[in-house]
Structure formats: C-alpha cells, structure tokens
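Below are the chains, spelled out letter by letter.
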Amino acid sequence: MVNEAALRPVAGIDDAFGVRAEALRTMQRRLAALFAEAGYQEVIPPVVERPQSLACGAGRFLTEQTIIFSDPADAGQLALRPDITPQVARLVATRLRRHKVLRLHYSGPVVLARAEGGYGARQQWQTGVELFGIAGLAGDIEVLHLAGQAMGAADFSAPVLQLGHIGLLRSLLGAGCDLAPWVALLRRRSPEDLQQRLQRERVDGKVADILLAMARGEADQSFLQRHADLSAEFADVVEALCALRQAVQSRLGEGCRIVIDGALTPRFLYHSGIIFCGYAQGVPSPLLHGGRYDTMVAAHGRDLPATGFSCDLWQWIAA
Amino acid sequence: MAELGIASEQPLKIALAKGRLLEQIIPLLESVGMAPAAADIQSRKLILPGPNGCQFLIIRAADVCTFVERGAADIGIVGRDLLLEARPNVYEPLDLGIGRCRLCVAAPADRPDPMALPAGSALKVATKYDHLAASFFQQRGVQAEIIHLYGSMELAPLVAMADCIVDLVETGGTLRANGLAEFATLFDISSRLIVNPASYALRKERIQPLIEQLRSAVEEQT
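Chains are numbered independently. Their residues run from 1 in the order of the written sequence. Chain letters start at A and ligand numbers start at 1, both assigned in the order the entries are written. pLDDT decides what is reported in this predicted model: residues at 70 or higher carry local features, side-chain atom pairs at 80 or more are listed and counted, and totals for whole chains, interfaces and linings draw on all residues regardless. Hydrogens and water are ignored here; the side-chain numbers use all heavy atoms of the structure.

1. Re the interface of chain B and chain A
So, step 1. In what follows, residue pairs with any heavy atoms lying within 4.5 Å of each other are defined as contacts. Taken together, the 30 residues of chain B in the interface contact 28 residues of chain A.
So, step 2. Summed over both partners, buried area is the accessible surface (1.4 Å probe) that two parts give up on being assembled. Buried surface at the junction of chain B and chain A, summed over both partners, amounts to about 2,300 Å²; 50% is from carbon and sulfur atoms.
So, step 3. Throughout this description, the term salt bridge denotes a Lys or Arg side-chain nitrogen within 4 Å of a carboxyl oxygen of Asp or Glu. Linking chain B to chain A there are three salt bridges.
So, step 4. For Asp193(A), the salt bridge is made with Arg192(B), and the minimal N-O distance between the two is 2.8 Å.
So, step 5. Put simply, DSSP marks the helices as runs of H or I at least four residues long and the strands as runs of E at least two long, and each gets a number from the N terminus on. Mapped onto the side of chain B that touches chain A, the elements with two or more residues apiece are helix H1 (6–9), strand S5 (91–95), helix H9 (197–202) and helix H10 (204–221) of chain B.
So, step 6. Lys, Arg, Asp and Glu make up the charged group, whereas Ala, Val, Leu, Ile, Met, Phe, Trp, Tyr, Cys and Pro make up the nonpolar group; the residues left over, Gly among them, are polar. Considering only residue class, the side of chain B that touches chain A consists of 14 nonpolar, four polar and twelve charged.

Have a look at this one:
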C-alpha cells in the first residue's frame, strides 16, 4: 500500500536527476578545478551543525532562515545549515587553527527555512571560496579576480562585476552610526525616501549631496574621485577601490567588466571592506555575492582577516 | 565567452500598468520622446513597439513589480502602494509624482474610531494590502484579522463583514458616498519608476540617461 502523503514533495525542495543533475555536477567540477588551480583546498563541512555555531559571526544574519530540530543521539538540538560560510569560519578557528593563511573552497547543499521571495526554492547549492589571513588589497585582488574567472568558466555572457565598499557609507555617516537603515534605503536607491531620512536625521551639506548622488546612480569611479577630498578616510576608501578595480580589470582583460558603484550595498551587514556582486546578460538577479569580512572569524574564537564569495549552482545552471 | 556589449543591443523593455494610470504616464513619456504610438495604445496588443528600439509591456498594475523583479522587463512604472506591499528587489530611482493618493484606514463614519479601540480589542480589516495592514495594526498592539479582498473594499464594513478597510483614497468621494470616513493615513502614495538591478548593472549607459530625462520632466512639471 503506497502512502500518498509520503510521496508529496516538500515545499521548496526538489529532486534533481537527468540533465539537471548532470549540469550541476559538470559546473561543480569546472569551478572546483578553477579554485584548485588557484591554490584553494576543498573543505566539506557537514550539513548539520550545532545551532549556536551557525548563529555566531556571519551566521547571525541567517538565524531566522535556520531549521532547527531535536537530535535523538545527543539529546540536544541540531541545525540544518542555511549558509556554509560560518562553518568554514568555525573550521578555520578550530581544526585549521595552526595555518596562518588559508585558501578554502566548498560546494554543497544548504536549506533555508523560508524561500527568499515567497514560493521559490528553499534549497541552494552553495559554492564559493574563502581566503583567510591576507588583509587588504592583495587578498581583495585575488578573490575578485577569482570571482571574474568563475563567471568566465561558466560561460556567462557579458559578465559584469559591480564593486563597492562599506567604508564609503561608514566614512560618510561616522563610525558610530547604525548603518542598517541607510543600507536598506540605498538598496532601493530611492532618492526621495533618502531625502526624507536625511532631513529627519539632519544630515546636510556635502555628505547629504554625496548620499543622494549615490541613490541617483551617479557614484561611479569618476564621481568618487572628484569627491575624494571629503575626508581622509573617504579618500583612502576611494583610492583602494580604484586600485583594486584597475588591478583586477587588467588581470581579467575585456572578458569581464568591473564597474565601481558607490551605492552597492551588502546582503548582510557583516562586511568590513569591499563588497561585490556579479551579473551577466540574461540573468535577472546577481550570480554571486562577496566581500571582505575581517571581524567575523573572531566570533568563532580566532581573529583573522577574511574575504570570499559564493554563488548558488542551481541558479547558475538555470541561467 | 560572448563579447561585451551584447546586453546593450537588446530592446529595453518597459512595463506599464494598463488603465487609469496609463493615461497619466503617457504624457510624461511623450515629453521625453519615449511613448508608444497612440494607435498602438488603443489596440489590444500586450507588447507595443517604442522609439529607440524599446518595447512596452502593457500589464496589470499588480504584476509590474513581478515582471521587473524577474527581469522580464528592465524598467516599470508602479504605485508606491504595491512596492510597499510586495517589497520586490528592485531599484526605485524616481518618484514620478503622478497617481497621487493615500493609503488609509476608513470605517463607517457613525461607528467608533477603529484607531481608538480599547486595549485587547480585535478588529476585522478588509484590504488587498495584507502585509501593510497587518503590520500597521500589529505595531499599535491591535489584533487584526485581515480579510483579503480584490476590490469594492467599501462594501465590507457596510455588510458587517469587516470593521474597517485599508485602501487607497484619492478624493474620498467613494468613501463619502458609502458613509465611510478616513481615520488614519498609512502612507502617501504616488507612482515610481522601478528598475531591475541586473538590468541597471548591465545596461546603465542606456537606463541612466532615461532616468535623468524623466527626472527633468518631473521637475519641470512640479
């Protein structure tokens, strides 16, 4: 007797077989070969973790997306990972502690408690790299270059890497400012809504002008360079962004365009430096997200600079 | 890998809401030389050709966000009410200042103010803005039962299906004609230009000048 209820698909969770399974494995092998060639070692963390481990550091932004269940073997709780980055940070802070510099790549399924944007998929095949122990421009160049190469390896058409820096906003608004509401406003790029907040918060003068220009889409490389005299901190960030863009663009050549966009906002507020995302023709949403998150590994017990990027291979093979 | 610049050669797709709002949008688009031909607007075609190789998709207002968020259209024009309700992942670079109205709580004028109910009161609210209405009352500590309707909200309190409604009000004429009064305003609403972030990243050279032209046209009108 067939149990019909047992055969019902789980919302947002799907099987893959035939051409789709084959396409995912082909893409996975292609990226793994690229990352290995760049000197990155594979790590395979488990699909379940202790909830506390997943909820610290970068993981605290995904606690509402984490499925937690009872563990009959341990009388405690276990969590299904919604993100692999916190697991890699845990590894680096514990079992890989003796290494000063770590280049790691990973690829595996993650499950979200709720589909992003309603009734879509709750499963992603998260694939990415993390570079630990190399601060500043050298690490940023390496990872951004690898992100461009990854989109090239996947044969995406006319790829573009959008490049920003959380330090722009921080230097404009001051180190003590809660960036969350400003990031939420800039994410929608509505000058009218931003203007209301600027008036409410009594932000005016050149800072207000630059923030409004960011929302209007004017904050490209030349705009930022023209306004770099705002403050020493702002000038340093602009200089770092321009140097990074130039270095990676010359490495990638014309196969991938890199554009500086001062209004680019991070997906989560754990980034401490550059932020970037990748787009390609015919794909209506970002193909990858990345950036520097120097303060996040400390939450796992080891203070180490970190940068990386990740993507969802289900999206990549569907694009 | 394909050559750069291919993205710029695709037609720019602009999603417009059919109906009353379209009548206000067309003059604005005409002022920047981007409107579809008048004969095409009168036709029943859903895809209309436009100048400079652009295409207009004529769709329901409620679907504009979806078409732009999913990249079926690069750009769209949609009411702020729908943006606030659906929270799509799109840019909102310009408020066009047309389709002005407000999202209000309204109830029968001869009944108690739904905003001044005793603590712990329950309220039945008819609306098509489920999230905005639920969030509005939740923030005020009122347990609201949301009744989703697709239209004729004003009828719900008149037949005792709901205590109040959350709906768009332009002049207030329909409310008054049905014995309802406004008790609170949630948001001021107008229409906004929206852009798919990927389209913006890939086709900024094409999209940004259009935004600036429209910005100038809007500033001239105000």
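2. Comments concerning the nonpolar core
So, step 1. Grouped together as the largest cluster of nonpolar side chains are 69 residues, with contacts concentrated most on Leu161(A), Leu211(A), Phe276(A), Phe309(A) and Trp316(A).
So, step 2. Take the buried Ala, Val, Leu, Ile, Met, Phe, Trp, Tyr and Cys residues and link them wherever side-chain atoms come within 4.5 Å; each set so joined is a nonpolar core. Relative accessibility under 20% of the residue-type maximum defines a buried residue, over 50% an exposed one, and the middle range a partly exposed one, all with a 1.4 Å probe and only protein chains included. In terms of nonpolar packing, the next biggest core, distinct from the first, is built from 43 residues, Leu48(B), Val64(B), Cys65(B) and Tyr200(B) among them.

3. Thoughts on the pairing of strand S6 (residues 101–108) of chain B
Residue and element names in this part refer to chain B.
So, step 1. Within S6, seven of the eight residues are buried, which leaves the element mostly enclosed by the surrounding structure.
So, step 2. Note on pairing: DSSP must find at least two bridges between two strands before they are called paired. Sheet topology note: the S6/strand S10 (residues 180–189) ladder contains eight bridges and is antiparallel. What sits directly across from Cys 101, in S10, is Ile 189.

4. Focus: the side chain of Ser199(B)
Residues and elements named next belong to chain B.
So, step 1. The topology assignment puts Ser 199 in helix H9.
So, step 2. In this structure the side chain of Ser 199 is engaged in a polar contact, spanning 2.7 Å, whose partner is the side chain of Asp 74.
So, step 3. If sequence neighbours within four positions are ignored, Ser 199 has contacts with Asp 74, Lys 204 and Ile 207. Pairing of N or O atoms within 3.5 Å defines a polar contact, subject to two protein rules: one partner must be a possible hydrogen donor and the other a possible acceptor, and residues neighboring in sequence count only if both atoms are side-chain atoms.

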